[in-house]
Amino acid sequence: MLKPPTAADRGDSPAVRSLPRIAEYLGLMAVLVLLVALFSALSAHFFSRITFTTLANQIPSLTVIAVGMTLVLIAAGIDLSVGSVMALGSAVLALARVEWQLPLSVAVALCLAVGLLAGLANGFITVRWAVPSFIVTLGMLEVARGGAYLVSESRSVFVGAAMGRVGMPLPVIGLSPAFILAVLVVFAGEVLLSKTILGRYIVAIGTNREAVRLSGIDPRPVVVSVFALSGLLAGLGGVFHVAYLESADPNSGIGLELSAIAAVVIGGTSLMGGRGSVVSSFLGVLIIAVLQTGLAQIGATEPAKRIVTGAVIVAAVILDAYRHTLGNRREHD
Amino acid sequence: MAIANVAEPLPLLRVRGVEKRYAAPVLTDLDLDLRGGEIHALMGANGAGKSTLSRIVCGLTTPDRGTMSLGGEPYQPHSRRAAQRAGVQLVMQELNLVPTLSVAENLFLTDLPGRFGFVAVAALLARAVEALTALGLNELDPRTAVSRLGIGQQQLVALAAALAHPCRVLVLDEPTAALTSAEIELAFAHLRRLRAAGTAILYISHRLEEIRQISDRITVLRDGRVVATQPAADAALDEIVRLMVGERAVGALDQRDHSPGDVALRVEGLTRGKRLRNVSFEVRKGEILGLAGLVGSGRTETVRAIFGADRTHAGRVSRGPGPPLTIAGPKDAVRAGIGMIPEDRKEQALLLSQPVRMNMTLAVLPAFVRRRWWIDDARELRAANELRLRLDVRSHSLNQRAGELSGGNQQKVVIARWLLRECDVLLFDEPTRGIDVAAKIAVYRVLNELAARGKALVVVSSELAELMALCDRIAVMSAGRLVTTFARGEWSEDAIVAAAFSEYAGRGDTARRGRVDSC
């Protein structure tokens, strides 16, 4: 009955275990490289430093919001409110800077606090009344949007240089501090997910919440933290957004939740929960950004861009589902 | 049927040289003859190939090699539909009913009577009543949604659905797993009628007693091969067990000192509506207390209430002489040193798509932490590997998904979780349901070992023989009450069964039993 350990047992070392994860990144990176090669071939101007730095400086908001969305989706929830919460945070930030003349650090803290509060409300309501997060965050989407209009009196607030250099390209490297911060958030998110207890609980809850509860772990605080984090990151997205545009528009971020979900799903995170990676979501953001920029450069019209982007999202998910069943079959054999 | 009168009846279904391999061979050169008018039991440990064989017979899997014939004609079903058209029906352990649809719609899901795309409701209901009556389910309204039925009744509906169509060969995969004894009798009566009508029945079950009761011949599979086919009347239980597990010594359970220590768990007046009425008992250190009773008698509710999985309306739980515990949820119970192995391991215990190792360490993650936040991979891995060896969990590696393990190994993974946690009181709800004999014995060993180490155990089980082999005392529940407790040596099967029915006297359940007897 007892079997001596086999070679497969020794395959348990963490280094070997992370191999499939790296392979997953390679697949997405290959898609990314292919897209870059394609657009470089189609457009003489695409493959240039200026294209890439411009692209990088456009995506910090979407990147950090996608990080939060990844965690929420892995925990088998969904957060539809991120775009509106970002707009509300942006409006508060702009007002704090321009109207109330508060220091930048205080204004940023206010913006983050708005996001955190919205996220806490999402999480708390979801667990307290056991309602689907889809509905709760759909409600928050409306509430926060309304709040953004209310705070800004439905006007765009010009901020100008009041945001300092957060969104401006740094000399020499041409990337903005916002982009660098966003990349750090990506890595922090990945570490949280794969190395910490909270991350393990998030995956476990997304896989089987009742099993987690019956293991003596209260899933509710974990779920609240995940939504709070998503809200906080939406607030951070607001900071980056205002810094980049030098103004706060209460209409900003409409449909952003769908772009974030698209990026996360392209990265292979399961909408059913229990499976996903933050770094993959970042690669998903890059793929969408390259696609958008490249299509614009080869002169695609707005309708054409949207049609192609939509098709790519669906194709990516089909590919992922196919790869997943292949993987399952292989493991099953 | 003419062939039924021949001295050596020709097989209705003939399987010759069937092979199927995935990475490793699952079935090797397998021959099987199924005669019309026999109930043929198929036995074997989990992973022996029973399910693969039944899937091949029913067209759900195509064999790599080998032939089948049905009534003398070549038989090569490429889909379940094709098999059904040829008269081969399957009832699986995992029900494939649509919970939101009515009983009638489920019965005829594949061929709803219709006109212009609309379901012909009157015709459907008439056919459904006919099909249900044939199974003795006259009282079941075919318009009821399946989700509103108990699991046992759902199983009977699944059986009725298979039998509502022309049926020459019937394959039953663990059909009685969720049934009460009364429902089993109902199902058996019908199987006997089918046998008399010349149907060939392939019957897969882990319940040895049941198989001897119903079947004519027994075929034992081990590692994808037939190791024996013999008349059921000749089969001795220990002989079959030996054939199933091979040369491995089965051995008797380790003897354990039956002299329990201090009270480890005290339950007083546990009440939850009509499901639990004033349940009180004690369990001592080193003691195994069995909870017997019919399905729905409150056994599961009792352990769930102690563990805080459900809200209770009244009652106190305390650890031995200590003050009453405040248990608002499982978290509090675990903190007080109480663990539970739930009834449904797939839905309530396991993270099926996650690695074995993560499943094992779920309840004790904070123990594998460096600097407050970080999981110490190496320590976690060591602990999981130790448990795997200790419990002999059969997995390719600790990174294999829990969902890919056999039922027995899955259960060991769940038990491992609580071994790591070192709980003093462990509540086991049907710990051996749906797992093979070898794995059952392994689970018994673990339970005995835990008791020998001074843990207090409560074991809920529907198999009386299991409780009588394991427990120091057996408490019997009936209609939400704990009616009596037998000490070791005082009990008998008859007395326990009588106690289990005692609180149901004069209610609907006895009426149903009466109907069983009239079948």
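Draft legend 1. Inspection of the overall build of chain B at higher detail. A tally of helices and strands in chain B yields 18 helices and 23 strands. Taking 519 residues into account, the globule formula puts the C-alpha radius of gyration at 24 Å, and chain B, at 24 Å, falls close to it. Taken along its principal axes, the extent of the C-alpha atoms in chain B is 75 × 55 × 50 Å. Counting across all 519 residues of chain B, residues that qualify as buried make up 47%.

Draft legend 2. Quick peek at the overall build of chain A. Scanning chain A from N- to C-terminus turns up 15 helices and 2 strands. Projected onto the principal axes, the alpha-carbon positions of chain A cover approximately 75 × 55 × 35 Å. Long-range contacts, defined here as pairs at least 24 residues apart, represent 78% of the contacts in chain A between residues at least 6 apart.

Draft legend 3. Quick peek at the sheet that holds strand E4 (residues 65-70) of chain B. Residues and elements named next belong to chain B. Across the sheet, 4 strands lie side by side as E2-E1-E4-E5; this open sheet has antiparallel pairing. Two strands lie at the open edges of the sheet, namely strand E2 (25-35) and strand E5 (73-74), each paired on one side alone. Here 2 bridges tie E4 to E5, and the two strands are oriented antiparallel to one another. In the strand pairing of E5, serine 69 is matched with proline 74.

Draft legend 4. Expanded view of the interface of chain B and chain A. Facing 36 residues of chain B, the contacting portion of chain A comprises 29 residues. Within the residue set of the side of chain B that touches chain A, elements represented by two or more residues are helix H10 (330-335), helix H11 (345-349), strand E19 (374-375) and helix H13 (377-391) of chain B. Element by element, the count of residues in the side of chain B that touches chain A is highest for H10(B), at 4 residues. A class-by-class count of the residues in the side of chain B that touches chain A yields 21 nonpolar, 7 polar and 8 charged.

Draft legend 5. The sheet that holds strand E22 (residues 473-478) of chain B, seen in detail. Residues and elements named next belong to chain B. Within the open sheet, the 6 strands sit side by side as E17-E20-E21-E15-E22-E23. Their pairing is mixed. Each of the sheet's edge strands pairs with one partner strand only, and the pair in question is strand E17 (338-341) and strand E23 (481-487). Each strand axis lies, on average, 20 degrees off the axis of its neighbour in the sheet, ignoring direction. In this structure, strand E15 (residues 288-293) lies alongside strand E21 (residues 456-460), joined through 4 bridges in parallel fashion. Looking across to E21, one finds that leucine 291 is bridged to valine 460. Against the sheet, helix H9 (residues 299-307) engages E15, E17, strand E20 (425-429), E21 and E22, with an angle of about 145 degrees to E20.

Draft legend 6. Region of the structure containing helix H13 (residues 256-266) of chain A. Residues and elements named next belong to chain A. Counting buried residues along H13, 10 of its 11 residues qualify, which places the element largely inside the surrounding structure. Considered for burial, the residues of H13 that qualify are Leu256, Glu257, Ser259, Ala260, Ile261, Ala262, Ala263, Val264, Val265 and Ile266. Note on H13: the residue one or two positions beyond its end, glycine 268, has a positive phi of about 95 degrees.

Draft legend 7. Geometry of helix H10 (residues 197-207) of chain A. In terms of burial, H10(A) is largely enclosed, as 9 of its 11 residues are buried. Among the residues of H10(A), A:Gly199, A:Arg200, A:Tyr201, A:Ile202, A:Val203, A:Ala204, A:Ile205, A:Gly206 and A:Thr207 are the ones counted as buried. Each element contacted by the buried residues of H10(A) is listed here: helix H5 (60-74), helix H9 (177-195), helix H11 (209-213) and helix H12 (219-245) of chain A together with E19 of chain B.

Draft legend 8. Layout of the nonpolar core. With 252 residues, the main nonpolar core has A:Ile65, B:Ala160, B:Leu457 and B:Val459 as its most contacted residues. In terms of residue count, H12(A) provides more of this core than any other element does, 16 residues in total. In this structure, this core is formed jointly by two domains, domain 1 (2-245) and domain 2 (281-518) of chain B, each of which donates at least three residues. Apart from residues no more than four positions distant in its own chain, B:Ala160 is found in contact with B:Leu107, B:Ala131, B:Leu132, B:Leu135 and B:Leu137.

Draft legend 9. The packing of helix H7 (residues 104-128) of chain A against helix H8 (residues 133-152) of chain A, seen in detail. Residue and element names in this part refer to chain A. Look at H7 against H8: their axes get within 9 Å of each other, and the N-to-C directions meet at 145 degrees. Judged by the sense of rotation from one axis to the other, the crossing of H7 with H8 is right-handed. The residues of H8 that touch H7, namely those facing Ala118, Ala121, Asn122, Ile125 and Thr126, are Ser133, Val136, Thr137, Met140 and Ala144. Across the contact of H7 with H8, the residue classes tally to 6 nonpolar, 4 polar and no charged.

Draft legend 10. Representation of the environment of B:Gly337 within the structure. With respect to the helices, strands and loops of the structure, B:Gly337 is situated in the loop between H10 and E17. The partly exposed category is assigned to B:Gly337, around which 18 C-beta atoms lie within 10 Å.

Draft legend 11. Examining the packing of helix H6 (residues 82-98) of chain A against H8(A) more closely. All names here are of chain A. Their axes nearest at 7 Å, the elements H6 and H8 cross at an angle of 20 degrees. In terms of axis orientation, H6 runs roughly parallel to H8. Where H6 crosses over H8, the handedness of that crossing is left-handed. Across from Ser84, Val85, Ala87, Leu88, Ala91, Val92 and Leu95 in H6, the residues of H8 making contact are Leu141, Ala144, Arg145, Gly147, Ala148, Val151 and Ser152. Classifying every residue of the contact of H6 with H8 by side-chain character gives 10 nonpolar, 3 polar and 1 charged.

Draft legend 12. Quick look at unusual backbone geometry. All names here are of chain B. At aspartate 29, a residue that is not glycine, the phi angle is positive and equals roughly 45 degrees. With respect to the helices, strands and loops of the structure, aspartate 29 is situated in strand E2. Even without a glycine there, the phi angle at glutamate 430 is positive, about 50 degrees. Here glutamate 430 lies in the loop between E20 and helix H15 (437-452).

Cut-offs used in this document
Residues numbered from 1 in each chain as written. Chains lettered and ligands numbered in written order. Predicted model: local features only at pLDDT ≥ 70, side-chain atom pairs only at ≥ 80, totals over all residues. Helix = DSSP H or I, 4+ residues; strand = E, 2+ residues; numbered from the N terminus. Rg over C-alpha atoms; globule rule 2.2 N^0.38 Å. Buried ≥ 20, exposed ≤ 12 C-beta atoms within 10 Å, placed from the backbone. Contact = placed C-beta atoms within 7 Å. Pairing = 2+ DSSP bridges. Nonpolar A, V, L, I, M, F, W, Y, C, P; charged D, E, K, R; others polar. Axes fitted to C-alpha atoms, helices over the stretch in contact; angles between N-to-C directions. Core = buried A, V, L, I, M, F, W, Y, C linked by C-beta atoms within 7 Å. Domains from an automatic or database assignment. Left-handed = near helix turned anticlockwise from the far one by under 90°. Parallel < 35°, antiparallel > 145°, perpendicular 65-115°, else oblique.

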